[in-house]
Each structure stands twice: as structure tokens, then as C-alpha cells.
Amino acid sequence: MQVRPFARPRPSGSFELYAWLFTRISAVVLAGMAIFHLLYMHLGMGVEALSWQLIAWRWQNPVWRIFDLFLLVFGWLHGANGMRIVIEDYIRPKGWRIAAKVLLFLLTFVLIVLGAYVIFTFKAP
Amino acid sequence: MAAIAGFFRDVTYRGREGQIAWMLHRVTGAGVFLFLALHIINIFMMVFPAGVFNSVLVFYHAFLFKLLIIFGLYLGLLYHALNGIRILIVDFVPGAARYQAPMWRVQVVIFLALYVPSAAILLSRML
């Protein structure tokens, strides 16, 4: 085995270990779902057809609402956890690092609440 | 010149497949993250009347935005997904870490085989 003196140590302790595992489990789900979603919306539906009316029609089927909710929660949490690690790596001064992480946490809270709110409560008139 | 050389010295760790793969993984991940933030806000706007939502959607129908979707978002998402699968193999298949570099080369071939035809279809259908 090669010696890797600067490599990140294997995660230990509960939070880092679960974050590491979550990233990998959500990756499997997202690799399929996110690419399917992009291609389906651009080829199946067609970008010209994208409109409020099309999404309202799509959300009449609860399966699409659950699909979108999954993408929202798994996709955002996977991305936010990745950004958390990028912040740890590049923002050296402690105060700025904490500030960036607080901002990321607030953004995560706001975007998941907004996204879930519209998925759960949307009613086509 | 010295500044450029210094920059490359600073950002180079091993500088081979592993580092290129890792750098691209970060850059594509950050790009998809940024798009996702805008996308969630944009879809939240479904709470507003159809006219308001559709006037923002004009943005999606712009030529430049379509190019960004195909050559930015789709390229980044596909690379990040394939490289993520390679990371899963390296992490969970015993002994696979030894082959991370040749696996990355195979991954680049798979990426091109998937991306080139599908991007061509996207281009022909979206523009």
C-alpha cells in the first residue's frame, strides 16, 4: 500500500461517519434520478413546453410530487454536505469558516422548507 | 509568468488522474449545487400566478441558457455521477483502490460514449 500522508483520514465518530455514508447512499439514488430528470424534462417533455401549466399538470400525479421531493431532499443534502467539506478545506480563518457553515445551514433550511412547501401544498386552480 | 507557475505549483498535489478526477468532481459538484439553488427558488415560484412564473421561465428558453444546460449542467452532472460511481467502487470493493487511475481512464471513455451522442440529441432537440 502507498503511504498517503496528506490524505483525509477515514471518517470516525458518528456525525462524520454518517455524513460519509449518506453521501454514498444518496449518490446511488441521485446518479439515476437526477440524470433521468434532466433528460426527461428536456427530451420527454421538451424545454419549449416547460411552463406553469405543464408543471401543474405533472403535479396532478402524486408520484411526480414524491419524485420531486426525493430529488429536493436527497439532492440538496448531498450537495450541502459536499459544500460543507469544501468550506472545511478552503476557508482557513475560523470565524469565516463558521460564518460560511452557518450561512450554508440557513440556506439548506430555507430552500428545503420552500421546496417542500410548494410540492405539498400546490393546488391547480 | 512566475505567478502562473506559482499558481500551478500551489494547486498541484500529485497532478495525475487522481487529482484531475478529484478537481473535476469538486468543480462539477459546486456547479450543480449552484444550479440546484436557483432551480429550487424557481420551482418555488409555482406558488405565484401562471403569468409571473412563466415570465421568469423565459430565461430557460433563452439560447445561451440552453447551451449552459447542455455544456454546463448536463456535462457536469454526468461527470459527477460517473466519477461518484468510481468512488463507490474504490471505497467498497476490496482492492479496487489500487486500480483507481486505470478506472478513471475507462470512466472517461464511458463518459464520452454517453455524453457525445446524448448531447448531440439534446442540441438537435433543444435549439
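Because the structure is predicted, anything quoted here is derived from the model rather than measured.

Description of the interface of chain A and chain B
The interface of chain A with chain B comprises 27 residues on the first partner and 31 residues on the second. Where the side of chain A that touches chain B is concerned, the elements lending two or more residues are α1 (14–46), α2 (52–58), α3 (62–90) and α4 (94–121) of chain A. Per element, the largest residue contribution to the side of chain A that touches chain B is eight residues, and it comes from α1(A). Of the residues belonging to the side of chain A that touches chain B, the class tally is 18 nonpolar, seven polar and two charged.

Remarks on the packing of helix α2 (residues 17–44) of chain B against helix α4 (residues 63–92) of chain B
The packing of two helices is summarised by the inter-axis angle and the distance between the axes. Residue and element names in this part refer to chain B. For the pair α2 and α4, interaxial distance at closest approach is 9 Å and the crossing angle is 130 degrees. When the interaxial angle is binned, α2 and α4 end up oblique. Like other packed secondary-structure pairs, α2 and α4 cross with a definite hand, here left-handed. Within the contact between the two elements, α2 uses Ala 21, Leu 24, His 25, Thr 28, Gly 29, Gly 31, Val 32 and Phe 35 and α4 uses Gly 72, Leu 73, Gly 76, Leu 77, Tyr 79, His 80 and Asn 83. Its residues assigned to classes, the contact of α2 with α4 shows seven nonpolar, eight polar and no charged.

About the cut-offs
- Residues numbered from 1 in each chain as written.
- Chains lettered and ligands numbered in written order.
- Predicted model: local features only at pLDDT ≥ 70, side-chain atom pairs only at ≥ 80, totals over all residues.
- Contact = placed C-beta atoms within 7 Å.
- Helix = DSSP H or I, 4+ residues; strand = E, 2+ residues; numbered from the N terminus.
- Nonpolar A, V, L, I, M, F, W, Y, C, P; charged D, E, K, R; others polar.
- Axes fitted to C-alpha atoms, helices over the stretch in contact; angles between N-to-C directions.
- Parallel < 35°, antiparallel > 145°, perpendicular 65-115°, else oblique.
- Left-handed = near helix turned anticlockwise from the far one by under 90°.

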